[in-house]
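Residue-level structure breakdown
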Amino acid sequence: DVVMTQTPVSLPVSLGGQASISCRSSQSLVHSNGNTYLHWYLQKPGQSPQLLIYRVSNRFSGVPDRFSGSGSGTDFTLKISRVEPEDLGDYYCLQSTHFPYTFGAGTKLELK
Amino acid sequence: EVQLQESGPGLVKPSQSLSLTCSVTGYSITSNYWGWIRKFPGNKMEWMGYISYSGSTSYNPSLKSRISITRDTSKNQFFLQLNSVTTEDTATYYCARDYSSWGQGVMVTVSS
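For the structure given in this document, a descriptive report is provided here. (Residues numbered from 1 in each chain as written. Chains lettered and ligands numbered in written order. Predicted model: local features only at pLDDT ≥ 70, side-chain atom pairs only at ≥ 80, totals over all residues. Heavy atoms only, no water.)

A short note on the interface of chain B and chain A
Condition: Whether two residues are in contact is decided by their heavy atoms: any pair within 4.5 Å suffices. What gets called buried area is simply the loss in accessible area from a 1.4 Å probe that two parts show on being joined, summed for both. Any Lys or Arg side-chain nitrogen located within 4 Å of an Asp or Glu carboxyl oxygen qualifies as a salt bridge. Polar contacts, as counted here, are pairs of nitrogen or oxygen atoms within 3.5 Å of one another; within protein the pair requires one atom able to donate a hydrogen and one able to accept it, and residues that are adjacent in sequence qualify only if both atoms are side-chain atoms. By the criteria applied, helices consist of DSSP H or I runs no shorter than four residues and strands consist of E runs no shorter than two, each listed in order from the N terminus.
Listed per partner, the contact involves 18 residues of chain B and 20 residues of chain A. In total, chain B and chain A occlude about 1600 Å² of area from one another, counting both sides; carbon and sulfur atoms represent 63% of this. Area buried by chain B at its contact with chain A is led by B:Met45, B:Trp47 and B:Tyr99, which between them contribute 42% of it. Counting across the interface, chain B meets chain A through zero salt bridges. Taken together, the links from chain B to chain A amount to five residue pairs in polar contact (both at pLDDT 80 or more). Considering each element in turn, the side of chain B that touches chain A owes the most residues, five residues, to strand E5 (residues 45-52) of chain B.

Below, the structure written as structure tokens:
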């Protein structure tokens, strides 16, 4: 299985500040069709995970442009600028290039 | 807008089978891919398997022969069956359309 190493585990931030989360995969996430299936989610307490970024850098419908994704191959980053209270929660990366699909262990974004 | 809703018993005895239903509205399950994911206490997430628009299935090898995903296209529902459960199957179970849209989840406890 592809191992997704997500860091940091916990990320204290100030409102209005910036946050950066990393996901590294144990093998390339470039699919044979040329696409890279690396996605980012936010899970707030009591809610299901909501898709923020799909295929590395595409914002899902309704996601503010404060969220951005980047990376290639095995190294990926989610950046959140101008952090707002509704951004707090648990962030996960997911790779769906190789089956079984696998998740990172999560990053808790919390107030400093 | 697609909506997914999981349903099923919240308590299952060890060695028995866990059966969950995902009811989908706003989108036909004869399109796209439909998956089951679970989140364990401690936050680890696992993609269990999926059923495709054609009815073909793929299962996480970690679940070996315990898992079955089926569907009823007339009701626009798909189902999860997990056999021979143990306490380690205690988790919140989610159904999802592909990687994009998730249900709210149902907590299942395996306990005698």
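Description of the environment of A:Asp87
Residue and element names in this part refer to chain A. Heads up, the rule is: Burial classes: relative accessible area under 20% of the type maximum marks a residue as buried, over 50% as exposed, and values in between as partly exposed (1.4 Å probe, protein chains only).
Note on placement: aspartate 87 falls in the loop between strand E8 (75-80) and strand E9 (89-95). Residue aspartate 87 is classed as buried on the basis of its relative accessible area, which comes to 2%. C-alpha separation for the pair aspartate 87 and tyrosine 41, spaced 46 residues apart in sequence, amounts to 11 Å. Those residues in contact with aspartate 87, other than ones at most four positions away along the chain, are Leu42, Arg66, Phe67, Ile80, Arg82 and Leu109. Within polar-contact distance, the side chain of aspartate 87 engages the side chain of arginine 66 at 2.4 Å.

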